[in-house]
Amino acid sequence: MVTYFRGAFVDDREAVIGVKTHAFNYGTGCFEGIRGYWNVSEGQIYLFRLRDHYQRLVQSCRILGIGLRHTVDELCALTTELVVRNGYQQDVYVRPLAYKSSEIVGVRMHDLDDDLTIFTTPFGKYLPAENGCRCCTSSYRRVDDNAIPARAKVTGIYVNSALAKTEANLNGFDEAIMLTHEGHVSEGSGENIFLVLNGALITPGPTENILIGITRASVIEMARRDLGIETIERPIDRSELYVADEVFMTGTAAEISPIVDVDRRPIGDGRVGPVSERLRRLFDRVVRGQANAYRHWCSPVYPGVPAASVRA
Ligand code: PMP
């Protein structure tokens, strides 16, 4: 496996950091998760919304004060080259990570070196999406914008997510739903959340301490364009989860994962609902470059591979 590390493509075994690295000690890094989808009939891998992910990385870096030496275009090109160098013929996950690389003791953000690494790994399903997930409301509140800004994908934030996820799993649930400090629904440990209520889609807005997800944005657009359903962004009460017709989560890893049970209350009839199902089926085609209207979201990595028949 090849990894991008310290400005070069190196063997995985050479991509190692020292124990004194600032980001390792203090969580002072930010990252992205990007999926690459293998399209068997085209012999192609499509990176999903590659530019959007790097634009969000730039924003995360701006919030943390991490200097990126590359433009978004350069980051896209580096990522494409990395996937090609690894010769994948399967679904992959790409993890760019910008971090404070100084090997120094001292809590701060300023006067430190910055570095970037990008690694890849084969990747399958993240949540048990087929028959829907069972979730609980977490006892851990989502980090607040004035604690660690949730709109930045900060490595250190994932302690908050990991505590919530482990609590959920050890209590027998698939995923946690985190609330804001005001008690509104925020998001999952690594996913945004949507409710279907009275024919509309509802999701927490950007000021509810969410990571403003790229899958979230994709679902909002697909629902409007293909299902004729508008999405309302507003604060959501915990008890609205219990009376929703459908609930689902979205994320690069989780894709579109229907939720069939929250806090041991079945959602709707306790089975995957029709809106979730339609969105999920559409998304599966979109990400593999099989839906013409969304081809611009899919960046092919291998050059010279003829596009197979594309359906609208
Ligand atoms: N919230 C959190 C906390 C996440 O880690 C993720 C995954 N990146 C998401 C939401 C979903 O974001 P996206 O759809 O861009 O992957």
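What you are looking at is a predicted structure, and each value in this text was computed from that prediction instead of being measured.

> Would you mind going over the packing of aromatic side chains with me for this structure?
The geometry of an aromatic ring pair comes down to the distance between the two centres and the angle between the two planes. Per the counting criterion, the structure on display carries seven aromatic pairs. When the ring of phenylalanine 194 is compared with that of phenylalanine 248, the centres are 5.1 Å apart and the planes differ by 10°; the resulting orientation is stacked. With phenylalanine 194 in strand E11 (residues 192–197) and phenylalanine 248 in strand E14 (residues 246–251), this pair connects stretches of sequence that are 54 residues apart. Here phenylalanine 194 and phenylalanine 248 have matching classes, each one buried. Members of the aromatic cluster, joined through ring pairs, are Phe48, Phe283, Tyr294 and Trp297. Note that arginine 265 overlies the ring of tyrosine 242, its terminal NZ or CZ placed 4.1 Å from the centroid.

> Help me understand the packing of helix H5 (residues 214–227) against helix H7 (residues 274–287), please; the structure alone is not making it clear to me.
Closest axis-to-axis distance for the H5/H7 pair is 10 Å, and the angle between their directions is 105°. Regarding the angle of H5 to H7, the classification is roughly perpendicular. The residues of H7 that touch H5, namely those facing Thr215, Val219, Met222, Ala223, Asp226 and Leu227, are Val275, Arg278, Leu279, Leu282, Phe283 and Val286. Classifying every residue of the contact of H5 with H7 gives nine nonpolar, one polar and two charged.

> Explain the environment of valine 92 here, please?
Inspection of the secondary structure assignment puts valine 92 in strand E6 (residues 92–100). Judged by relative accessible area, which is 0%, valine 92 ranks as buried. When the C-alpha positions of valine 92 and isoleucine 34 are compared, they lie 8.4 Å apart, and in sequence the two are 58 residues distant.

> Is there a simple way to explain the side chain of glutamate 255 in this structure?
By the secondary structure assignment, glutamate 255 is in strand E15 (residues 255–262). A distance of 2.6 Å separates polar atoms of two side chains, one belonging to glutamate 255 and the other to tyrosine 37. For glutamate 255, the residues in contact, after removing those within four places along its chain, are Arg35, Tyr37, Lys125, Thr215, Met249, Thr250 and Phe283.

> Just checking my understanding: could you explain the environment of glycine 228 for this structure?
Within the element layout of this structure, glycine 228 appears in the loop between H5 and strand E13 (231–233). Note on glycine 228: relative accessible area 61%, which makes it exposed.

> When you look at helix H3 (residues 72–86) in this model, what are you seeing that I'm missing?
Each turn of an α-helix holds 3.6 residues, which means side chains three or four residues apart point in the same direction. Taking 1.5 Å per residue, 15 residues should reach 21 Å; H3 reaches 21 Å between its end C-alpha atoms and fits that length. For H3, every residue scored as buried is listed here: Val72, Leu75, Cys76, Leu78, Thr79, Thr80, Leu82, Val83 and Asn86. Just beyond H3, the residue with positive phi is glycine 87, at close to 60°.

Quick notes on the rules
Counting starts from 1 at the beginning of each chain's written sequence and moves along it residue by residue. This being a predicted model, a pLDDT of at least 70 is required before a residue's local features are given, and a value of 80 or more before pairs of side-chain atoms are given or counted; all residues contribute to the totals for chains, interfaces and linings. Excluding hydrogens and water, the side-chain values take into account all heavy atoms of the structure. In this scheme Phe, Tyr and Trp rings, the latter by its six-membered ring, pair at centre separations within 6.5 Å, and the angle between planes marks the pair as stacked below 30 degrees, edge-to-face above 60, and tilted otherwise. Secondary structure elements are taken from DSSP: a helix is a run of H or I of four residues or more, a strand is a run of E of two residues or more, and numbering for both begins at the N terminus. When accessible area is computed with a 1.4 Å probe and restricted to protein chains, residues below 20% of their type maximum are described as buried, those above 50% as exposed, and intermediate ones as partly exposed. Remark: a charge is flagged as sitting over a ring if the NZ atom of Lys or the CZ atom of Arg is within 6 Å of the ring centre and within 35 degrees of the ring normal. Under this scheme, a helix contributes an axis fitted over its contacting stretch, all axes are lines through C-alpha atoms, and angles between N-to-C directions fall in the 0 to 180 degree range. We call two directions roughly parallel when the angle between them is under 35 degrees, roughly antiparallel when it is over 145, roughly perpendicular when it lies between 65 and 115, and oblique otherwise. Whether two residues touch is decided by their heavy atoms; if any such pair falls within 4.5 Å, the residues are in contact. Side-chain classes are defined by residue name, with Ala, Val, Leu, Ile, Met, Phe, Trp, Tyr, Cys and Pro counting as nonpolar, Asp, Glu, Lys and Arg as charged, and the others, Gly among them, as polar. As used in this structure description, the phrase polar contact means that two N or O atoms lie within 3.5 Å; if the pair is within protein, one of them must be able to donate a hydrogen and the other to accept it, and residues adjacent in sequence are counted only when both atoms belong to side chains. By definition here, a helix of n residues has an expected span of 1.5 Å times n minus one.

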